[in-house]
Amino acid sequence: MIKLKGITKTYYRGKVETPVLLGIDLHVRPGEFLAIMGPSGSGKSTLLHILGLLDRPTGGSYRLDGSEVSDLSDDELARLRNDKLGFVFQAFHLLPKSTALDNVLLPFTYAGHFPEDARERARRALGRVGLEHRLHHRPGEMSGGECQRVAIARALVNDPEVIFADEPTGNLDQRSSLEIISILQGLHAEGRTIVLVTHDTAVGCMCRRLMRVVYGNVDSDEAVAEPTQAIEQLQTLKEAAK
Amino acid sequence: MSLAWRLLKAAVSSLWAFRSYAALMMIGLIIGIASLTVIHQIGQGAQQAVSSRMASMGFGADAFYISSGGGRLGVRRGMKRAVTLTPQDAASISRVDGVAHVVPHKNVARTQVTAGGNNTNTRVRGATPGWAAARKWPLLQGRFVSLTDIRQSARVAVLGTTVVRELFGEANPVGRRLRIGRTPFIVVGVLESKGSSGWRDRDDIILVPLSTATKRLSRDDKLSGMRVTMTDATRLEEVKAEVTSVLRENHSLLPGVPDDFLIITPDELMKLITRQSRSLVAMLTFVSAVSLFVSGVVIMNIMLVAVSERAYEIGVRRAVGARRRDILYQILMESLMVAAAGGVCGLLMGLLLSYLATWLLAIPTAFSPSGFLWALGFSAGVGLLFGVAPAKKAAGLHPVEALR
Ligand SMILES: Nc1ncnc2c1ncn2[C@@H]1O[C@H](COP(=O)(O)OP(=O)(O)O)[C@@H](O)[C@H]1O
Ligand SMILES: [Mg+2]
């Protein structure tokens, strides 16, 4: 599905060059739940932006579903983002003045045509993340965990091939983090492909495959033997609270 | 359809979200468009007032007017014009081939008029029996100046309704006495009201027989002007030329000496007034165009600031699949809508102001289709033109940078 070969990224600021990715090889197969881990500043976000077609690599090859992405125009990349990819960001990135429902409807605005069942699908996506009772709330009227669930619903609504999540639990407390991860685990169980960036080992251990990036290189890449189940942790947490 | 609707809705809702900005952007535009509208409404009103006044003066295509004193139409000083026309001139002109009637009149300086305990200051004009008919000015009561009055230089007066109200109140004045200066007169008739024509109350007038005006109210028998009706409107140029040569001969003007009278055709007068009001409107349109340009620059700058503030929103939209041009159209749509909203508000305010101008200040105004189009065109133009830079800036943002 996704095949990176020798991906490099160098930022140029005037005369200052910052090499961030030094040659990443990565193969993501359908149905995988991949965590990209590494210390802060190691280039995880940069890599995820490239994977998510938000940014272009300086060098290397990126094949998505067999076709080379670097040959595509900006408009074609936008089309692919809309069609095949979903994003979840650390800071939620919802439109603050729009309701949950409108936020989830946003991808359809740029889908070329607005499907007749869009509202129905948006409602279903919000239902999938347990927010059927928050359709008309604005981000300011919801907790961080709820906002992130709206963001997941938005990533989900267009039925994407891959969902990218950049530190999705970075701004959340432990309990909300577990809720978010358990939703992602559920989506993975339904067969969705998820690529998640985190610097939190606990989160990394809840995925199925863990790739470590250090100084712009792949340091290790292995399957997680026994992924922690977020839902169980949540139970333990709830019992401890009683 | 549904997509366009959503884009429109998105523009409206983000304008609503940024309503304090939007209001700021609209203020200049509203003022500019309102003044543009008022200007055009006043221009239109002035033209209508002039044409209706000319029509009520009975100035059809078959008549023209000869005024004492030379010069050119539009550049004469109205105050100290030489009074050069004489009764003999009127007689000679009435003999010119193609002339049907000559209706001369003489203006007496504004005079104090008294009746009983009341007094007022009004225009007094000497006229002949044909005067009222030529102006299609019917009588309300009594009769007009007759030939007998002219022959006898009778001290009879026909009053406009304003004078009647000032001197006699609601009472019927026919048969009552009044004094024009020191000379006693008897009221024989009252003219119907013509209303004001914007700058002048046309019912504020007293008519006396022409001969009475020349013999009893002033020291000379000169005429202020005369209205000439032709038998055939198509012979205007020919009749004008003949009248000119008759008058020059009567006044013994040598070749090279300019005319000491002025022939005014309704057509020329209309053109002059139209031209004057047009150039005034054009000048003021230019002034409001400048203010609209300034408001456009303000709009542009506010939108540029708003775009940096909204970089994050733009990043989100790009992340979920908006193309550069989707963002471009969105921002353009927003600036267009701000401008359109400002334009409509300005237009309504302009209509309201011109209504108030008519109502409170008696300035004639009328709906001006050209003003309407200018207002809409200007605001749409400002919105598009000054939306381009912010829209380009927004569309040019890199999605990752925007999201940071
Ligand atoms: N636009 C940029 N210009 C220059 N340097 C950048 C830019 N974006 C990121 N970097 C640098 O690249 C490195 C990796 O950043 P990032 O991918 O955000 O790391 P991570 O997400 O792993 O913390 C950091 O050192 C950061 O300073
Ligand atoms: Mg990061």
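A quick note: this is a predicted structure, and the numbers were derived from the prediction, not measured. (Residues numbered from 1 in each chain as written. Chains lettered and ligands numbered in written order. Predicted model: local features only at pLDDT ≥ 70, side-chain atom pairs only at ≥ 80, totals over all residues. Heavy atoms only, no water.)

## A short note on the site of ligand 1
Stage number 1. Contacts to ligand 1 come from 13 residues, most closely from Gly41(A), Gly43(A), Lys44(A), Ser45(A) and Thr46(A).
Stage number 2. Ligand 1 sits at the junction of chains A and B, each of which supplies nearby residues.
Stage number 3. The side chain of Thr46(A) places a nitrogen or oxygen atom 2.5 Å from an oxygen atom of ligand 1.
Stage number 4. One of the side-chain N or O atoms of Arg404(B) is found 3.4 Å from a nitrogen atom in ligand 1. (Near = heavy atom within 4 Å. Polar contact = N/O pair within 3.5 Å; in protein donor to acceptor, adjacent residues only side chain to side chain.)

## Description of helix H6 (residues 161-168) of chain B
All names here are of chain B.
Stage number 1. Among the 8 residues in H6, 6 count as buried, and that is most of the element.
Stage number 2. Those residues of H6 that sit buried are Thr 161, Thr 162, Val 163, Val 164, Leu 167 and Phe 168.
Stage number 3. Two residues or fewer past H6, Gly 169 is found with a positive phi of approximately 65°. (Buried < 20%, exposed > 50% of the residue type's maximum accessible area, 1.4 Å probe, protein only. Helix = DSSP H or I, 4+ residues; strand = E, 2+ residues; numbered from the N terminus.)

## Focus on the packing of helix H3 (residues 100-109) of chain A against helix H5 (residues 144-156) of chain A
Residue and element names in this part refer to chain A.
Stage number 1. Their axes nearest at 7 Å, the elements H3 and H5 cross at an angle of 30°. The angle between H3 and H5 falls in the class roughly parallel. The chirality of how H3 crosses H5 is right-handed. In this structure, H3 uses Ala 100, Asn 103, Val 104 and Pro 107 to contact H5, whose residues at the interface are Val 150, Ala 153 and Arg 154.
Stage number 2. Class assignment for the residues of the contact of H3 with H5 results in 5 nonpolar, 1 polar and 1 charged. (Axes fitted to C-alpha atoms, helices over the stretch in contact; angles between N-to-C directions. Parallel < 35°, antiparallel > 145°, perpendicular 65-115°, else oblique. Left-handed = near helix turned anticlockwise from the far one by under 90°. Contact = heavy atoms within 4.5 Å. Nonpolar A, V, L, I, M, F, W, Y, C, P; charged D, E, K, R; others polar.)

## Overview of the domain arrangement of chain B
Stage number 1. Here the domain parsing of chain B yields domain 1 (3-53 + 271-403) and domain 2 (83-259).
Stage number 2. Distance between the C-alpha centres of domain 1 of chain B and domain 2 of chain B: 53 Å. (Domains from an automatic or database assignment.)

## Regarding the pairing of strand E8 (residues 193-198) of chain A
Residue and element names in this part refer to chain A.
Stage number 1. Most of E8 sits out of view: 6 of its 6 residues are buried.
Stage number 2. Burial of the side chains of E8 extends over both faces: Thr 193, Val 195 and Val 197 are buried on one face and Ile 194, Leu 196 and Thr 198 on the other.
Stage number 3. As defined by bridge partners, strand E3 (residues 33-37) adjoins E8 across 5 bridges and the pair is classed as parallel. Residue pairing in the sheet places Ala 35 in a bridge with Leu 196 of E8.
Stage number 4. Bridge analysis of strand E7 (residues 162-166) against E8 gives 5 bridges, and the strand direction is parallel. Across the sheet, the residue bridging to Val 162 is Thr 193, located in E8.
Stage number 5. This β-α-β element, E7 to helix H6 (residues 174-189) to E8, shows right-handed connectivity. (Pairing = 2+ DSSP bridges. Right-handed = clockwise from strand over helix to strand, strands pointing away.)

## Regarding the packing of helix H10 (residues 311-319) of chain B against helix H11 (residues 324-361) of chain B
Residues and elements named next belong to chain B.
Stage number 1. Direction vectors running N to C along H10 and H11 enclose 135°, while the axes themselves pass 10 Å from each other. It follows that H10 is oblique to H11 by the angle criterion. For the element pair H10 and H11, the recorded crossing hand is right-handed. Each of Glu 313, Ile 314, Arg 317 and Arg 318 in H10 lies in contact with H11, whose residues at this interface are Arg 324, Ile 327 and Gln 330.

## Points about the pairing of E3(A)
Each regular strand displays side chains that alternate between the two surfaces of the sheet.
Residue and element names in this part refer to chain A.
Stage number 1. Here E3 lies mainly inside the structure; 5 of its 5 residues are buried.
Stage number 2. Burial along E3 is two-sided: Phe 33, Ala 35 and Met 37 and Leu 34 and Ile 36, pointing in opposite directions, are all buried.
Stage number 3. Where E3 and strand E9 (residues 209-214) come together, 4 bridges link them in parallel fashion. If you follow Leu 34 over to E9, its bridge partner there is Arg 209.

## A few points about the interface of chain B and chain A
Stage number 1. Contacts between the two partners involve 23 residues from chain B and, on the opposite side, 24 residues from chain A.
Stage number 2. Interface area for chain B against chain A, summed over the two sides, is near 2,300 Å², with a carbon-plus-sulfur share of 58%.
Stage number 3. Seen at the junction of chain B and chain A, the total is 2 salt bridges.
Stage number 4. Where Asp75(A) meets Arg325(B), a salt bridge forms, and the shortest distance between an N and an O atom there is 2.4 Å.
Stage number 5. There are 8 residue pairs in polar contact (both at pLDDT 80 or more) connecting chain B and chain A.
Stage number 6. By residue number, the principal contributor to the side of chain B that touches chain A is H10(B), which donates 6 residues.
Stage number 7. Broken down by class, the residue content of the side of chain B that touches chain A amounts to 11 nonpolar, 4 polar and 8 charged. (Buried area = accessible area lost by both parts, 1.4 Å probe. Salt bridge = Lys/Arg side-chain N within 4 Å of Asp/Glu carboxyl O.)

## Quick look at the sheet that holds E9(A)
Residues and elements named next belong to chain A.
Stage number 1. Strands sit in the order E6-E7-E8-E3-E9-E10 across an open sheet of 6 strands; the sheet is mixed. Only two strands of the sheet have a single partner each, and these edge strands are strand E6 (85-88) and strand E10 (217-223). Across the sheet, the axes of successive neighbouring strands diverge by a mean angle of 15°, strand direction being ignored.
Stage number 2. Lying on the sheet, helix H2 (residues 74-84) is in contact with E6 and E7; it crosses E6 at an angle near 80°.

## Examining the packing of aromatic side chains
The relative placement of two aromatic rings is captured by the distance of their centres and the angle of their planes.
Stage number 1. On inspection of all chains with the given rule, the structure shows 9 aromatic pairs over all chains.
Stage number 2. With 5.5 Å between their ring centres and 75° between their planes, Phe293(B) and Phe386(B) make a pair best called edge-to-face. Here Phe386(B) lies in helix H12 (residues 369-396) and Phe293(B) lies in helix H9 (residues 266-309), a separation of 93 residues in the sequence.
Stage number 3. Put simply, the rings of Phe87(A), Phe89(A) and Phe164(A) pair up and form one aromatic cluster.
Stage number 4. The ring of Phe18(B) has Lys97(A) lying over it, and the distance from NZ or CZ to the ring centre is 5.9 Å.
Stage number 5. Directly above the ring of Trp137(B) sits Arg202(B), whose terminal nitrogen or CZ lies 5.9 Å from the centroid. (Phe/Tyr/Trp six-rings, centres within 6.5 Å; stacked < 30°, edge-to-face > 60°. Lys NZ or Arg CZ within 6 Å of the ring centre and 35° of its normal.)

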